[in-house]
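Per-entry structural report
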Amino acid sequence: MSGMSTDELVALALDMANMRRLPADSEVYVPGARVHRLFVALDVGTAELLLARDIGCDGVLAHHPAGGRAVLRFPDVLTRHVELMVEHGVEPSAAKAALQPLFSRAILRAQAANYDQVPAVARLLGIPFLNLHLPLDEIGRRVMVETIERYRATLGRESTVQDVIDALRTLPEFAESAVPIMVPVGAVDRPARRIAVVHGAGTNGGASVAQAYFAHGVDTVVYLHLAPEEAERLRSGASGSVIVVGHVPGDQVGLNRYLAEVERRGVEIVRAGI
């Protein structure tokens, strides 16, 4: 019989992301032994759960955390920023200091969360429900990194910020997106010698994380999104460029590759807004 259990859906995501355990921002809220028709959305609330039931889906997958430990422990995954910064040459002490403002804000936000509302509705409905965030973002990050490096290798010259944008636009998620890739900090004609794709770390690192990259020789940072006030902070004295690719298309890069593998295993996918 076709279909997958929630445990199998998790195992596939971890395997594709080369992870050994489910990270703190991902959770199975209601386990299910066999899902044949999977409702998938970036964000799932009670309305989406009811819609999924009404249109005959027997499982629901959210990308972003929808409650439970995935919301309460979300700050834990932000430490992935430190790992990414260190991989790009940032000193560990500087990386931890750059992350601290973001980490502190996330802890306070978690205290305010109504963390069991959506999972409780899923339990009452008896519908299998999970979210997969960091694993799918890591899949997407690797695709973006490989795409940029492959494109740069064909240039025969030093790459620019515009070349990074052109490379990303070879991916259908960006080529067909209603959200344009932007450069809110820096300029498209600047060199892009050292590039950091900052994805798969919970959320973007804001100004402090980008500044840490710039201070350690990375001249181009790729974010999915960046708050206007953070961009303004960076414009006053930043030595590098920030490329913002868009939250929805950026998330779709990892989601699409994961969902293609789920479909190959006999599960019908019903997409809502992705």
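Calculation notes
- Residues numbered from 1 in each chain as written.
- Predicted model: local features only at pLDDT ≥ 70, side-chain atom pairs only at ≥ 80, totals over all residues.
- Heavy atoms only, no water.
- Helix = DSSP H or I, 4+ residues; strand = E, 2+ residues; numbered from the N terminus.
- Buried < 20%, exposed > 50% of the residue type's maximum accessible area, 1.4 Å probe, protein only.
- Contact = heavy atoms within 4.5 Å.
- Lys, Arg positive; Asp, Glu negative; His and termini not counted.
- Charge placed at Lys NZ, Arg CZ, Asp CG, Glu CD.
- Polar contact = N/O pair within 3.5 Å; in protein donor to acceptor, adjacent residues only side chain to side chain.
- Pairing = 2+ DSSP bridges.
- Axes fitted to C-alpha atoms, helices over the stretch in contact; angles between N-to-C directions.
- Salt bridge = Lys/Arg side-chain N within 4 Å of Asp/Glu carboxyl O.
- Parallel < 35°, antiparallel > 145°, perpendicular 65-115°, else oblique.
- Left-handed = near helix turned anticlockwise from the far one by under 90°.

1. A few points about the overall build of the protein
Each helix and strand in the protein was counted, giving 13 helices and nine strands. Each principal axis of the C-alpha atoms in the protein carries an extent, and together these give about 55 × 40 × 30 Å. Counting all 274 residues of the protein, 53% fall into the buried class. Sequence separation of 24 or more characterises 74% of the internal contacts of the protein that already satisfy a separation of 6 or more. Once the 27 positive and 32 negative side-chain charges of the protein are each reduced to a mean point, those two points are 3 Å apart.

2. Overview of unusual backbone geometry
Look at Asn18: it is not a glycine, yet its phi comes out positive at around 60 degrees. Residue placement: Asn18 occurs in the loop between α1 (6-17) and β1 (27-30). Judged by its relative accessible area of 60%, Asn18 falls in the exposed class.

3. Some remarks on the side chain of His63
Along the chain, the position of His63 falls in the loop between β3 (59-62) and α3 (68-72). The buried category is assigned to His63, whose relative accessible area is 0%. A polar atom in the side chain of His63 sits 3.0 Å from the side chain of Asp137. Excluding its chain neighbours within four sequence positions, the residues that come into contact with His63 are Ala41, Leu42, Asn131, Leu132, His133, Leu136, Asp137, Asp251 and Leu255.

4. Some thoughts on the sheet that holds strand β6 (residues 195-197)
In a beta sheet, neighbouring strands are held together by backbone hydrogen bonds and run either parallel or antiparallel to one another. A sheet is described by the order of its strands in space; here four strands give the open sequence β5-β8-β7-β6, paired in mixed fashion. Whereas interior strands pair on both sides, the edge strands pair on one side only; in this sheet they are β5 (182-185) and β6. Neighbouring strand axes in the sheet, compared pairwise and without regard to direction, differ in orientation by 25 degrees on average. In terms of strand pairing, strand β7 (residues 220-223) meets strand β8 (residues 241-244) through four bridges, oriented parallel.

5. Examining the pattern of salt bridges
Tallying each qualifying case throughout the model produces 19 salt bridges. A salt bridge links Arg80 to Glu83; the nearest nitrogen and oxygen atoms lie 2.9 Å apart. You can see Arg80 and its partner Glu83 sitting in helix α5 (residues 80-87), three residues apart, about one turn around the helix. Residue class for Arg80 comes out buried when judged on its relative accessible area of 14%. Residue class for Glu83 comes out partly exposed when judged on its relative accessible area of 44%. With a shortest N-O distance of 2.9 Å, Arg257 and Glu173 are connected by a salt bridge.

6. Focus on the packing of helix α2 (residues 46-54) against helix α7 (residues 117-125)
Running from N to C, α2 and α7 point in directions that differ by 20 degrees, and their axes come no closer than 9 Å. As summarised for this structure, α2 and α7 are arranged roughly parallel, according to the angle between their axes. Relative to α7, the crossing made by α2 is right-handed. Residues Thr46, Leu49, Leu50 and Arg53 of α2 form the contact with α7, whose own contacting residues are Gln117, Val118, Val121, Ala122 and Leu125.

In short, geometric facts, not functional conclusions.
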